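# Notes for the structure review
Listed here are the chains, written in short residue letters.
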Amino acid sequence: LARFDQNYNRKSANGKLDDFAELYAGDDYVDQVTVSSYNRCGTSPSHTKAHSFAEEFRPAYKKLSTITSKPIGVAETATTNNCGVSRIQWYKEMLDAIKNEFVRVEHVTFFFERIPPGFASNTHEINWQLSKKERPEFAALIEEFRAGGLAKQHGGATTMGTITKAPKAATK
């Protein structure tokens, strides 16, 4: 049986947070709401400051938390390694934030691609890919996160680049 997500960008093209409630299809039609959130530092003249996942995701998460009790997910996320950003540290802080602050997040999809200039309002290539050195470090982060009892396999199989938190136990 298909599950349906309603995905929002953390900010619209004009840099503002959309009125998610106005755009929401409703709990009868949506199984999960998701937000895409990236650190785009160094990809264009308008992206010159590094942002943590929490800093970028928090406003959208708070808004979604007020309009639905459905699970919240991260549709896509990634960081450049521009502007002095350590990708591994950025992802570690992201997973810590999901565990400690964004407790309703049940699904995360990582976006590991290269985007040529001009394809995503970028003047420079965006390299979301992990380097050969970063891949085992990233894998260790995911292993550590899952060992904390927060992850489960999605649909019976683990999807490359995707983690899903285990559902909370039902209370009596």
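Attention here is on the structure that accompanies the text. As the structure is a prediction and not an experimental result, all values here were calculated from the model. (Residues numbered from 1 in each chain as written. Predicted model: local features only at pLDDT ≥ 70, side-chain atom pairs only at ≥ 80, totals over all residues. Heavy atoms only, no water.)

### Some words on the overall build of the protein
Along the backbone of the protein there are four helices and eight strands. Starting at the N terminus and walking to the C terminus, you meet the elements of the protein as β-α-β-α-β-α-β-β-β-α-β-β. Looking at the protein residue by residue over its 172 residues, the buried ones come to 40%. Accessible area of the protein: about 9800 Å², with a carbon and sulfur share of 53%. (Helix = DSSP H or I, 4+ residues; strand = E, 2+ residues; numbered from the N terminus. Buried < 20%, exposed > 50% of the residue type's maximum accessible area, 1.4 Å probe, protein only. Areas by Shrake-Rupley, 256 points an atom, 1.4 Å probe, with all protein chains shown as cover.)

### Details of the state of the cysteines
Disulfides are covalent bonds that connect the sulfur atoms of two cysteines. Applying the stated criterion across every chain yields a total of one disulfide. A sulfur-sulfur distance of 1.9 Å marks the disulfide that ties C41 to C83. On the S-S bond that ties C41 to C83, the torsion sits near -90 degrees, and the link is left-handed. One end of the pair, C41, is in the loop between β2 (32–39) and α2 (53–67); the other, C83, is in the loop between β3 (72–79) and α3 (87–100), with 42 residues separating them in the sequence. On the basis of relative accessible area, C41 is assigned to the buried category, the value being 1%. (Disulfide = S-S within 2.5 Å.)

### Details of the packing of aromatic side chains
Summed over all chains, the structure comprises 16 aromatic pairs. Ring centres 4.8 Å apart and planes at 20 degrees place the aromatic pair F53 and F57 in the stacked group. Note that F53 and F57 are positioned in helix α2 at a spacing of four residues, about one turn of the helix. Given a relative accessible area of 2%, F53 falls into the buried group. With a centroid separation of 6.1 Å and an interplanar angle of 80 degrees, the aromatic rings of F53 and F102 are classed as edge-to-face. Here F53 is found in helix α2, whereas its partner F102 is found in the loop between α3 and β4 (105–110), with 49 residues between them in sequence. Residues F53 and F102 agree in their burial class; the two are buried. Every member of this aromatic cluster is reached through a ring pair, and the members are F53, F57, Y61, W90, Y91, F102, F110, F112 and F138. (Phe/Tyr/Trp six-rings, centres within 6.5 Å; stacked < 30°, edge-to-face > 60°.)

### Side note on the environment of K99
Along the chain, K99 turns up in helix α3. Under the relative-accessibility criterion, K99 is labelled partly exposed at 43%. C-alpha of K99 to C-alpha of G148: the two residues are 49 residues apart in sequence and 9.3 Å apart in space.

### Thoughts on the side chain of E134
Within the secondary structure, E134 sits in helix α4 (residues 134–150). Within the local environment of E134, its side chain forms a polar contact with the side chain of R87, the two groups lying 3.1 Å apart. Ignoring any residue separated from it by four or fewer positions in sequence, one finds E134 in contact with R87, I88 and Q129. (Polar contact = N/O pair within 3.5 Å; in protein donor to acceptor, adjacent residues only side chain to side chain. Contact = heavy atoms within 4.5 Å.)

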